[in-house]
Amino acid sequence: MVHSNPYHLCSGCLSLLFSPFELFLKVRLFMSTQSSSSALHPTTCESSAEASVFLQDVQSGLAKSQKELHCKYFYDERGSQLFDQICELEEYYPTRTELGIMAEHASAIAERIGSEAVLVEYGSGSSTKTRLLLDHLDSAQAYLPVDISGEHLHQTAQQLRVDYGDLDIHPIVADFTTSFRLPASYVSPRTTIYFPGSTIGNLKTEEAIGLLISIAEKCGPSGGLLIGFDLAKDEAVLKAAYDDAAGVTAQFNLNLLHRINRELDADFDVKRFVHVAIYNQEESRIEIFIESLDEQKVCVAGELFHFQPGERIFTEYSHKYRVDQFVSMAAQAGLKMDALWTDSNDYFAVMHLSPV
Ligand code: AVJ
């Protein structure tokens, strides 16, 4: 029952003020302060508060007339594994294409970023594409990978320190879609934000512009933004990429229901749901849903949710931009394009922008 949950009032009030992304960070930051300030605070404290935010988000998302679950919840351990498998699929062109662009143009891109850069990466993960940059940058001052997954981040940073001995590496555990700050000692006129992976495409257009505004505030007058985003293309190519023949993307999407069953007290009968990926031509984006095959009831921590046959839970957008569209979004954030690199099919774009 919602009312027996001690976090209800607190997160309920907060959620009126902040988007789920912002709320997520606020709790993360709060909890990380807690655990670092007191060794006596066991991890159970952190996990129960996180579980409570997750539960609130799931229950409120399923209570909407258009049911929804936030795509950030895809990435538990199993979900991250499945995402890595997606990146290896023949049909899933973005990862491979972006890496190809970075490999082919690494020295031109590094030249554009310039010397003595402070490089800040949003959603750094394993920093694979970044190594291509670091190998070519002229005497970078520092590399600050920002990621929500602390454990993975610190492991990656440790390996980078081994491989890039002279470089100052300062990992930051944060959700970059919220108002996080760079440590004062790293604020530089040569700050460049690196935001690969077309993660921006998962945001709604207003949210994407908001994020670009916060990036424009952080990058220095002689710094900029290096961003990777997916381009509009043939519908058949897009649909195959988000509904692959082997069904890995379906597993990735449906894992969210398994995760809710595992972590929250829920009883989704996952085999009675299917993965749906549609292309919305007007909005130029893939829209991903989980569709109920029949009429059914699902219980999540004491709350009952009804599904009609064919009813869908919205889980993710993946926007596919035209270059001019992206340029005008960036202009609204005070950023102007000064270089663009694409692949021979024009499937993916890597753009460098500077503050105006
Ligand atoms: C890499 C997070 C941008 O939208 O292509 C892949 C996520 N979802 N298949 C994307 C994703 C389904 C992906 N991002």
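Above this text you will find the structure in question.
Just so you know, these numbers come straight off a predicted model, no measurement behind them. (Residues numbered from 1 in each chain as written. Predicted model: local features only at pLDDT ≥ 70, side-chain atom pairs only at ≥ 80, totals over all residues.)

(A) Molecular detail of the overall build of the chain. A count of helices and strands for the chain gives eleven helices and 13 strands. Expressed as a percentage of its 356 residues, the buried residues of the chain come to 36%. Here the contacts in the chain between residues at least 6 apart in sequence split such that 70% fall between residues at least 24 apart. (Helix = DSSP H or I, 4+ residues; strand = E, 2+ residues; numbered from the N terminus. Buried ≥ 20, exposed ≤ 12 C-beta atoms within 10 Å, placed from the backbone. Contact = placed C-beta atoms within 7 Å.)

(B) Summary view of the site of the ligand. Around the ligand lies a shell formed by Ile86, Pro94, Gly197, Ser198, Thr199, Gly201, Asn202, Tyr242, Thr249, Glu316 and Ser318. Partitioning the shell around the ligand into residue classes produces three nonpolar, seven polar and one charged. (Near = placed C-beta within 6 Å. Nonpolar A, V, L, I, M, F, W, Y, C, P; charged D, E, K, R; others polar.)

(C) Representation of unusual backbone geometry in the model. A positive phi is found at Glu116, a non-glycine position, where the angle reads about 55°. Mapped onto the fold, Glu116 is located in the loop between helix H5 (94–113) and strand S1 (118–122). Given 15 C-beta atoms within a 10 Å radius, Glu116 is considered partly exposed. We note that Ser284 has phi near 50°; this positive angle belongs to a residue other than glycine.

(D) Looking closely at the packing of helix H4 (residues 77–88) against helix H10 (residues 248–263). Viewed as axis vectors pointing N to C, H4 and H10 meet at an angle of 170°, and their least axial separation amounts to 9 Å. Our classification of the angle between H4 and H10 gives roughly antiparallel. Within the contact between the two elements, H4 uses Arg78, Gly79, Leu82, Phe83, Gln85 and Ile86 and H10 uses Val248, Thr249, Gln251, Phe252, Asn255 and Arg259. The residue makeup of the contact of H4 with H10, split by class, is five nonpolar, five polar and two charged. (Axes fitted to C-alpha atoms, helices over the stretch in contact; angles between N-to-C directions. Parallel < 35°, antiparallel > 145°, perpendicular 65-115°, else oblique.)

(E) Geometry of H10. Between its first and last C-alpha, H10 extends 22 Å over 16 residues, near the 22 Å set by a 1.5 Å rise per residue. Largest kink in H10: about 30°, centred on Leu254. (Expected span 1.5 Å × (residues − 1). Bend = angle between axes of the 7 residues up to and from the residue.)

(F) Representation of the packing of helix H8 (residues 205–218) against helix H11 (residues 323–332) in the model. Relative orientation of the contacting elements H8 and H11 amounts to 55°, with a least axis distance of 8 Å. Taken together, the axes of H8 and H11 are oblique relative to one another. Crossing of H8 over H11 shows right-handed handedness. Of the residues in H11, those in contact with Ala208, Ile209 and Leu212 of H8 are Met329, Ala330 and Gln332. (Left-handed = near helix turned anticlockwise from the far one by under 90°.)

(G) Structural detail: helix H7 (residues 150–163). Between its first and last C-alpha atoms H7 spans 20 Å; for 14 residues at 1.5 Å apiece the expected length is 20 Å, and the two agree. The complete set of buried residues in H7 reads Leu153, Thr156 and Leu160. The arc that holds the buried residues of H7, viewed along the axis, is 70°, so those residues lie on one side. Exposed positions of H7 whose direction lies more than 90 degrees from the buried face are Glu151, Gln158 and Val162. Where H7 is buried, its residues meet strand S2 (142–147), strand S3 (168–169) and strand S4 (172–173). (Arc of directions from axis to C-beta.)

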